[in-house]
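# Descriptive analysis of the structure
Now for the letters of each chain:
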Amino acid sequence: MTVRKLGGATIEKVEEICGAGFKPARMFPKFNQEAFDAQKSWMVPDHVEPGSDRLVGSVHTWIVKTPRHTILIDTCLGNHKQRTNPGWRNLDTPFLNRLKACGCPAESVDFVMCTHLHVDHVGWNTQLVDGRWVPTFPNARYLFGKREYAHWESERGRQGDGKVNDGSFDDSVLPIVEAGKAVMIDSDHQPDPLLTIKDYPGHTPGSIAINLKDGGRQACFSGDIMHHPIQVYHPDWSSQFCTDQEMSARSRRQLLEDCVESSALLCPAHFPGANAGTIKRQGEAFRIDWDDAK
Ligand SMILES: [Zn+2]
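A brief look at the structure comes next. (Residues numbered from 1 in each chain as written. Predicted model: local features only at pLDDT ≥ 70, side-chain atom pairs only at ≥ 80, totals over all residues. Heavy atoms only, no water.)

So, about the overall build of the chain. When helices and strands are tallied, the chain shows seven helices and 15 strands. For the chain, the C-alpha radius of gyration of 18 Å lies close to 19 Å, the compact-globule estimate for 294 residues. Based on the C-alpha atoms only, the size of the chain along its principal axes is roughly 50 × 45 × 35 Å. Summing over all exposed atoms, the chain offers an accessible surface of approximately 12,300 Å²; the carbon and sulfur share of this is 48%. For the chain, the separation between the mean place of its 33 positive charges and that of its 38 negative charges on side chains is 1 Å. (Helix = DSSP H or I, 4+ residues; strand = E, 2+ residues; numbered from the N terminus. Rg over C-alpha atoms; globule rule 2.2 N^0.38 Å. Areas by Shrake-Rupley, 256 points an atom, 1.4 Å probe, with all protein chains shown as cover. Lys, Arg positive; Asp, Glu negative; His and termini not counted. Charge placed at Lys NZ, Arg CZ, Asp CG, Glu CD.)

And the structure:
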């Protein structure tokens, strides 16, 4: 496990699962084979499965430690949760032990931040104890975007109990609210002097990125504004999971522009391999220079 340092803060990735998923033509409605093939040489095998072309994705959390706080950004899928996707159903991973091995036992977490409320970003918010879903991180405040929460709460009214985001709103978000541990935030909220939040709506209505800044350097935790590094080269390729395809593409381009301007280390939620990199302009789009630390 590699600890990246940024000023007085540290960044560490903890993986829950990693593997090949969708074929790119299914993932991206605007997929173009020729454009994909032009990048394939560096994408195989870390980012694209050899032979099948299926996209490789990781589900991981980011531990950010500042001089004042321990923060978890996105909480993966969680254990014992009943999901439609067989690869995500009833998991039993040693994720909490992996956190502990990084010097991050559950009790040490001060803030849990979710970039958005999809099923693979909220799972470890709760764990099953005596048949009930209870907060996993007993001393943490869980920060949910106000707009994001309001959207899924209203979807629950429309879709019914236990349906929203494959059940995760009911077993991984509502129990946090009911336990009084949730704080609904706007993008001007600053949980730590080194952290700021910016809105990038489109993947979901309230998707945010979290910026860490210290010592003249910056990192950007961008959730699912991009799922796969091919989207750095083709920012117009929104995923089939984006609520608003056009808005998501605009936000993605804005995020990439912002990363170029700030020279931020981009830390998305699902990039496997080196997991993070810096963004440079390239023609009408961008490229990623991977950060060597894995
Ligand atoms: Zn995701």
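Next comes the rest of the account.
What follows is about the environment of glycine 273. Mapped onto the secondary structure, glycine 273 falls in the loop between β13 (265-267) and β14 (277-282). Along the backbone, glycine 273 and lysine 81 are 192 residues apart, and their C-alpha atoms lie at a distance of 27 Å.

Before going further, it helps to spend a moment on the sheet that holds strand β2 (residues 9-20). Pairing is mixed across the open sheet formed by seven strands, whose spatial order is β1-β2-β3-β4-β5-β8-β9. Pairing within the sheet leaves two strands with one partner each, and these edge strands are β1 (3-6) and β9 (182-185). Averaged over all pairs of adjacent strands, the angle between strand axes in this sheet comes to 25 degrees, irrespective of strand direction. Together, β8 (141-145) and β9 form the strand contacts of helix α4 (residues 146-159), whose direction differs from that of β8 by roughly 75 degrees. Sheet strands in contact with helix α5 (residues 168-178) are β8 and β9, and its direction is about 115 degrees off that of β8. (Pairing = 2+ DSSP bridges. Axes fitted to C-alpha atoms, helices over the stretch in contact; angles between N-to-C directions. Contact = heavy atoms within 4.5 Å.)

Turning our eyes to something else, we now look at the coordination of the zinc ion. Six octahedral donors around a metal ideally make angles of 90 or 180 degrees; four tetrahedral donors ideally make 109.5 degrees. Listed as protein donors to the zinc ion are Asp120 (OD), His121 (NE2), Asp224 (OD) and His270 (NE2); their distances from the metal cover 2.0 to 2.1 Å. Mapped onto the sequence, the residues coordinating the zinc ion show the spacing D-H-x102-D-x45-H. Of the two residues, aspartate 224 is situated in the loop between β12 (217-221) and α6 (230-233) and histidine 270 in the loop between β13 and β14; the sequence distance between them amounts to 46 residues. Of the two residues, aspartate 224 and histidine 270, neither departs from the other in class, the shared state being buried. (Donors = N, O, S within 2.8 Å, 3.2 Å for Na, K, Ca; no water. Buried < 20%, exposed > 50% of the residue type's maximum accessible area, 1.4 Å probe, protein only.)

This next bit is on the packing of aromatic side chains. Under the criterion given, the structure shown has 10 aromatic pairs. With a centroid separation of 5.2 Å and an interplanar angle of 40 degrees, the aromatic rings of tryptophan 42 and tyrosine 233 are classed as tilted. Residue tryptophan 42 is found in helix α2 (residues 33-43), and its partner tyrosine 233 is found in helix α6; the two are separated by 191 residues along the sequence. Its relative accessible area of 11% is what places tyrosine 233 among the buried residues. Three or more aromatic residues link up through ring pairs in this structure, and these residues are Phe28, Phe31, Phe36 and Trp237. Over the aromatic face of tryptophan 133 sits the side chain of lysine 81, whose NZ or CZ is 4.5 Å from the ring centroid. (Phe/Tyr/Trp six-rings, centres within 6.5 Å; stacked < 30°, edge-to-face > 60°. Lys NZ or Arg CZ within 6 Å of the ring centre and 35° of its normal.)

With that settled, the discussion passes to the side chain of glutamate 155. Along the chain, the position of glutamate 155 falls in helix α4. For glutamate 155, a relative accessible area of 12% corresponds to the buried category. Engagement of the side chain of glutamate 155 in a polar contact is seen with the side chain of arginine 158, the distance being 2.8 Å. Beyond its immediate stretch of four places on either side in the chain, glutamate 155 contacts Gly160 and Val164. (Polar contact = N/O pair within 3.5 Å; in protein donor to acceptor, adjacent residues only side chain to side chain.)

Turning next to the sheet that holds β13. Strands sit in the order β10-β11-β12-β13-β14-β15 across an open sheet of six strands; the sheet is mixed. If you trace the sheet from one side to the other, it starts and ends with β10 (195-199) and β15 (285-290), each paired once. Each adjacent strand pair in this sheet contributes to an overall mean axis angle of 35 degrees, direction not counted. Sheet strands in contact with helix α7 (residues 245-262) are β10, β11 (208-214), β12, β13, β14 and β15, and its direction is about 105 degrees off that of β14.

What follows is about the nonpolar core. Counting 30 residues, the largest nonpolar core has Leu117, Phe137, Phe144 and Phe169 as the members making the most contacts within it. Elements supplying a minimum of two residues to this core: β3 (56-65), α3 (95-101), β8, α4 and α5. If near-sequence neighbours (up to four positions away) are discounted, phenylalanine 144 is found in contact with Cys114, Leu117, Asn125, Tyr149, Val173, Ile176, Val177, Ala182, Val183, Met184 and Ile185. Counting residues in hydrophobic clusters, the runner-up holds 22 residues, among them Met113, Leu212, Leu265 and Ala276. (Core = buried A, V, L, I, M, F, W, Y, C linked by side-chain atoms within 4.5 Å.)

Of all 11 residues making up α5, eight are buried, and the element is well covered by its neighbours. Buried residues of α5: Ser168, Phe169, Asp171, Ser172, Val173, Leu174, Pro175 and Ile176, and no others. In this fold, the buried residues of α5 make contact with β6 (126-129), β7 (132-135), β8, α4 and β9. Positive backbone phi, approximately 75 degrees, marks glycine 180, located one or two places after α5.

Right, let's talk about the pattern of salt bridges for a bit. Oppositely charged side chains are able to pair whenever their charged atoms sit close together. This model, assessed by the stated rule, comprises 19 salt bridges. In this structure, the salt-bridge partner of lysine 30 is glutamate 246, at a minimum N-O distance of 4.0 Å. Placement of the pair is lysine 30 in the loop between α1 (24-27) and α2 and glutamate 246 in helix α7, with a sequence separation of 216 residues. The closest approach of N and O atoms between lysine 40 and aspartate 37, which form a salt bridge, is 3.9 Å. One end of the pair, lysine 40, and the other, aspartate 37, are both in helix α2, three residues apart, so they sit about a helical turn from each other. Linked by salt bridges that have partners in common, Asp37, Lys40 and Asp53 make up one network. (Salt bridge = Lys/Arg side-chain N within 4 Å of Asp/Glu carboxyl O.)

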